[in-house]
Amino acid sequence: MTDFFKLHFFVPLAAVLGLVVVAYVGVQANLQLLFGVVVPYMAALIFIEGMVYRLIQWTRSPVPFRIPTTAAQNKSLPWIEKNLGEKLDNPETTKHVVGRMALEVLAFRSLFRNTRTELRQDPDHPEGARLIHWSYKWLWLGAIAFHYAFLVVILRHLRFFTEPVPGFVYLLDSVDGFLQFFVPVVYLSGLVLLVAAGYLLLRRILRPELRYISLAADYFPLFLILSIAITGILMRYFYKVDIVAVKDLALGLATFKPKVVAGIGVIFYIHLFLVCVLFAYFPFSKLMHAPGVFLSPTRNLACNSRWVRHVNPWNYPVKFHSYAEYEDKFREAMIEADIPVEKES
Amino acid sequence: MDDKYKNEFGVFAERPKVEKKIYDGKYIFLGLIIFFAVVTSPLWQNLGKAIPAPVPKLDTPAIQKLAEKDRKCVQPLAFMRANHMQLLDTWRTEVVRGGNRDFVGPGGVKYTASLQNTCLDCHSNKAQFCDQCHNYVAVTPTCWGCHLDMTQKLAEAK
C-alpha cells in the first residue's frame with residue numbers, strides 16, 4: 001500500500017524538480033523564445049482569465065444570510081456600551097466592517113487568535129495530563145512574515161519592469177539591504193521569505209496531525225515558492241547573470257515589444273519558468289485565498305441579523321395556516337366548549 | 001424523486017431553485033478592476049514604447065590609443081558583465097586587508113588591482129560606462145562613497 005504522506009509529499013516535490021529540469025533542458029536546447037516570451041505571456045493570460053473565471057463562479061453563489069461568527073457583544077440595550085475592539089469584532093455598520101476586513105487582510109487577525117489544544121503534564125498531578133488551550137502565535141508570525149516578505153520581493157522586482165524606476169523601489173531597496181553585507185548587498189526580505197516558507201513547510205512535515213491533513217495541493221505551492229526563492233537567491237548571489245540583459249527582456253515583455261535577449265544564464269530561465277508556473281497555477285489552487293479573504297462571509301458582512309431581515313432567495317413557498325383560518329374552521333366547537341373566540345360568527 | 005430533499009420520514013421539500021445570476025456583481029467587478037489597475041499600473045507609462053538597453057561606450061581616448069589586439073579587459077566580457085562587482089570586491093579585500101595589488105588575468109597578464117588606476121584608466125567615462133547601466137537596473141553601488149571619478153575632479157581643478 002502506498003504511504004499517504006509519501007504520495008502527497010514526494011509527487012509535488014518531483015513535479016517541482018521536473019519543472020526545473022524542463023526549463024534547464026529547454027534553454028540548453030535554445031528554446032529561449034519559448035521560455036522567455038511565450039510561456040510568460042501564456043502564464044499571465046491564464047492568471048487573468050482564471051482569476052476572472054473563478055470570481056464570476058464565486059459571485060454566482062448567493063450569500064443570503066449573515067454569519068455572525070463573533071467574539072463580541074452584538075447591538076443590545078442602549079446602556080450596554082461597546083468599545084472600539086468590540087465594535088470591530090461585532091460590526092454593526094459598514095465602517096466597522098471595513099475595519100474588521102482591514103485587520104484581517106493586513107494583520108491576519110484570525111490567525112492571531114489561533115489557539116492550540118494540547119495534553120500537557122499537570123504540575124499539580126504529575127502522574128496525569130491536563131487539557132490546556134493556549135494562544136499559539138507561531139503560525140501567525142510565520143504567515144505574516146512570509147506574506148510581507150513576498151510582497152517586498154515582488155515590489156523590488158518592479159525595477160525590472162519600469163523605466164525610469166519609481167522612487168519607492170529605491171527606498172525599499174535601501175531599507176531591505178540596510179545591513180550592507182556581502183556583494184551584492186543581501187536583501188533581508190529574501191532571507192525572511194525563505195525562513196518563513198521553510199517554517200510553513202516544516203510544520204506540515206513535523207507535526208503528525210498536520211501531516212495527516214496535508215495534501216499534494218498544500219505541498220506543491222510551498223515547494224514552488226521555496227524553489228522560486230532559492231533560484232532567485234542563487235541567481236543574485238552565486239550564479240550571476242547579465243542583469244542588463246534581464247531587464248532588457250523584462251521591459252520587452254512589459255511594453256509588449258517582446259524580444260529574445262542573448263547571453264542570459266540558464267538559472268534565470270529556471271527562475272522565470274517557476275514564476276510562470278506559479279502564476280498559471282494560482283487561479284486553480286488554494287492560493288485563491290488571496291481574493292477569497294475579501295469574500296469571506298463571516299468577515300465581510302455586518303452582524304445585523306437582529307434588525308435587518310435577510311430573505312433566502314431559494315425559499316420555497318410555505319403553506320401557512322393562520323389563527324383566523326383556524327378559528328373559522330373550529331368556531332362552532334370552540335363556542336360550544338366556552339373557549340373565547342375573536343369573532344362571534 | 002431526486003430533486004426532493006428526504007429524511008427518515010420521507011420526502012419533505014422540493015430541491016431549492018437557486019436563480020442563476022450574478023450576486024453582488026458590483027463589488028466583484030469593482031474589486032477586479034481595482035486589482036488589475038493596481039497590478040498593471042507600473043506598465044502604463046512605457047506601454048508600446050521600445051526602450052533600448054544601455055550600451056556602455058568604449059571609445060575613450062585611453063582605449064583608442066591601444067592596438068586592436070590589446071583592447072581586452074582583465075577578464076572576458078561575459079564574466080565581467082555578470083560578475084564585475086564580485087571581482088572588485090575581491091580586489092578590495094586583497095588590497096585593503098592583504099596589501100596585495102597584483103592581479104593575474106587570463107593568459108598570465110599582470111594587472112594592478114585598483115578601481116581608480118586600472119579600471120577607470122581605460123574606462124574614464126564613468127557616466128557612460130558605469131552609471132548608465134547602474135541607473136538602468138536601479139542599483140546604487142557603494143564604490144563612489146570612497147572612490148573618486150578623477151577625470152571630473154581634475155577638470156574642476158583646472
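Everything below is about the structure printed above this text.
Keep in mind it's a predicted model, so treat the numbers as computed, not measured.

Analysis parameters
Residues numbered from 1 in each chain as written. Chains lettered and ligands numbered in written order. Predicted model: local features only at pLDDT ≥ 70, side-chain atom pairs only at ≥ 80, totals over all residues. Heavy atoms only, no water. Helix = DSSP H or I, 4+ residues; strand = E, 2+ residues; numbered from the N terminus. Buried < 20%, exposed > 50% of the residue type's maximum accessible area, 1.4 Å probe, protein only. Contact = heavy atoms within 4.5 Å. Areas by Shrake-Rupley, 256 points an atom, 1.4 Å probe, with all protein chains shown as cover. Rg over C-alpha atoms; globule rule 2.2 N^0.38 Å. Lys, Arg positive; Asp, Glu negative; His and termini not counted. Charge placed at Lys NZ, Arg CZ, Asp CG, Glu CD. Buried area = accessible area lost by both parts, 1.4 Å probe. Salt bridge = Lys/Arg side-chain N within 4 Å of Asp/Glu carboxyl O. Polar contact = N/O pair within 3.5 Å; in protein donor to acceptor, adjacent residues only side chain to side chain. Phe/Tyr/Trp six-rings, centres within 6.5 Å; stacked < 30°, edge-to-face > 60°. Lys NZ or Arg CZ within 6 Å of the ring centre and 35° of its normal. Expected span 1.5 Å × (residues − 1). Core = buried A, V, L, I, M, F, W, Y, C linked by side-chain atoms within 4.5 Å.

Enquirer: Explanation requested: the overall build of chain B in the structure shown.
Expert: Secondary structure assignment for chain B yields 6 helices and 4 strands. The order of α-helices and β-strands along chain B, N terminus first, is β-β-α-α-α-β-β-α-α-α. Scored against the burial criterion, the 158 residues of chain B give a buried share of 24%. The long-range fraction of contacts in chain B, counting pairs at least 24 apart against all pairs at least 6 apart in sequence, stands at 47%. For chain B, the exposed surface amounts to about 11400 Å²; the carbon and sulfur share of it is 59%.

Enquirer: Is there a simple way to explain the overall build of chain A in this structure?
Expert: Helices and strands together make up the secondary structure of chain A, namely 14 helices and 2 strands. Whereas a compact globule of 345 residues would reach a radius of gyration of roughly 20 Å, chain A reaches 29 Å, over 25% beyond that. When the backbone C-alpha atoms are referred to their principal axes, chain A occupies close to 105 × 65 × 55 Å. The proportion of buried residues among the 345 residues of chain A is 41%. At a minimum sequence separation of 6, the contacts of chain A that also span at least 24 residues come to 66%. Across chain A, the centroid of the 34 positively charged side chains sits 11 Å from that of the 26 negatively charged ones.

Enquirer: Help me understand the interface of chain A and chain B in this model?
Expert: Interfaces are frequently sized by the accessible area removed from exposure as the parts join. At the junction of the two partners, chain A supplies 37 residues and chain B supplies 39 residues. A buried area of about 3400 Å², summed over both sides, lies between chain A and chain B, and 68% of it is on carbon and sulfur atoms. If you look at where chain A meets chain B, you find 1 salt bridge. Two residues, Asp242(A) and Arg81(B), come together in a salt bridge whose shortest N-O distance is 3.9 Å. For the pair chain A and chain B, the number of links is 9 residue pairs in polar contact (both at pLDDT 80 or more). Taken together, the elements giving at least two residues each to the side of chain A that touches chain B come down to helix 2 (32-59) and helix 11 (243-254) of chain A. A per-element tally of the side of chain A that touches chain B places helix 2 of chain A first, with 7 residues.

Enquirer: Which parts of the structure should I look at to understand the packing of aromatic side chains?
Expert: Residues and elements named next belong to chain A. Scanning the entire structure with this criterion turns up 23 aromatic pairs over all chains. Ring geometry for Phe5 versus Phe9: centroids 5.0 Å apart, planes at 25°, classification stacked. Taken together, the residues span about one helical turn, with Phe5 and Phe9 both in helix 1 (residues 4-28) at a distance of 4 residues. Here the aromatic cluster, defined as three or more aromatic residues joined through ring pairs, consists of Phe5, Phe9, Phe10, Tyr219 and Phe223. Lying over the aromatic face of Trp134, Arg120 brings its terminal NZ or CZ to 5.2 Å of the ring centre.

Enquirer: Hey, could you run me through helix 12 (residues 266-281) of chain A in this one?
Expert: Given 3.6 residues to a turn, an α-helix orients residues that are three or four positions apart in the same direction. In this model helix 12 of chain A runs 23 Å from its N-terminal to its C-terminal C-alpha over 16 residues, within 8% of the 22 Å that 1.5 Å per residue would give. Next to the buried residues of helix 12 of chain A lie helix 1, helix 2, helix 6 (138-156), helix 10 (216-237) and helix 11 of chain A.

Enquirer: Got a minute to help me understand the nonpolar core in this structure?
Expert: A general tendency of soluble globular proteins is for nonpolar side chains to be buried together. The biggest cluster of nonpolar side chains holds 59 residues, and the ones touching the most others in it are Met51(A), Phe146(A), Leu224(A), Ile264(A) and Phe268(A). Elements with a minimum of two residues in this core: helix 1, helix 2, helix 6, helix 8 (188-206), helix 10, helix 11 and helix 12 of chain A together with helix 1 (25-44) of chain B. Broken down by element, the residue count for this core peaks at 11 residues, all from helix 12 of chain A. Not counting the four nearest positions on each side in its chain, Phe146(A) is found in contact with Leu193(A), Ala196(A), Ala197(A), Leu200(A) and Ile225(A). In terms of nonpolar packing, the next biggest core, distinct from the first, is built from 7 residues, Val74(B), Leu87(B), Trp91(B) and Val95(B) among them.

Enquirer: Where do I start with the side chain of Asp122(A) in this structure?
Expert: Structurally, the position occupied by Asp122(A) is in the loop between strand 1 (115-121) and strand 2 (129-135). Apart from residues lying up to four places away in sequence, Asp122(A) is in contact with Gly128(A), Ala129(A) and Arg130(A).

Enquirer: Help me understand the environment of Leu47(B) in this model?
Expert: Along the chain, Leu47(B) falls in the loop between helix 1 and helix 2 (61-65). Taking the C-alpha atoms as reference, Leu47(B) lies 36 Å from Gly145(B); in sequence the two are 98 residues apart. Not counting the four nearest positions on each side in its chain, Leu47(B) is found in contact with Ala254(A), Thr255(A) and Phe256(A).

Enquirer: How should I be thinking about unusual backbone geometry in this particular structure?
Expert: For residues other than glycine, phi is negative in most cases, and the peptide bonds are mostly trans. Residue and element names in this part refer to chain A. In this chain, Glu163 is followed by Pro164 through a cis amide linkage whose omega measures 0°. Inspection of the secondary structure puts Pro164 in the loop between helix 6 and helix 7 (167-176). Between Val183 and Pro184 the backbone carries a cis peptide bond, its omega angle lying at -10°. Backbone geometry at Phe182 places phi at a positive 70°, although glycine is not the residue there. Along the chain, Phe182 turns up in the loop between helix 7 and helix 8. Relative accessible area serves as the criterion here: at 41%, Phe182 is assigned to the partly exposed category. Here Phe256, not a glycine, exhibits a phi torsion of approximately 60°, which is positive. Relative to the helices and strands, Phe256 resides in the loop between helix 11 and helix 12. For Phe256, a relative accessible area of 55% puts it in the exposed group.

Taken by themselves, the reported measurements are silent on function.
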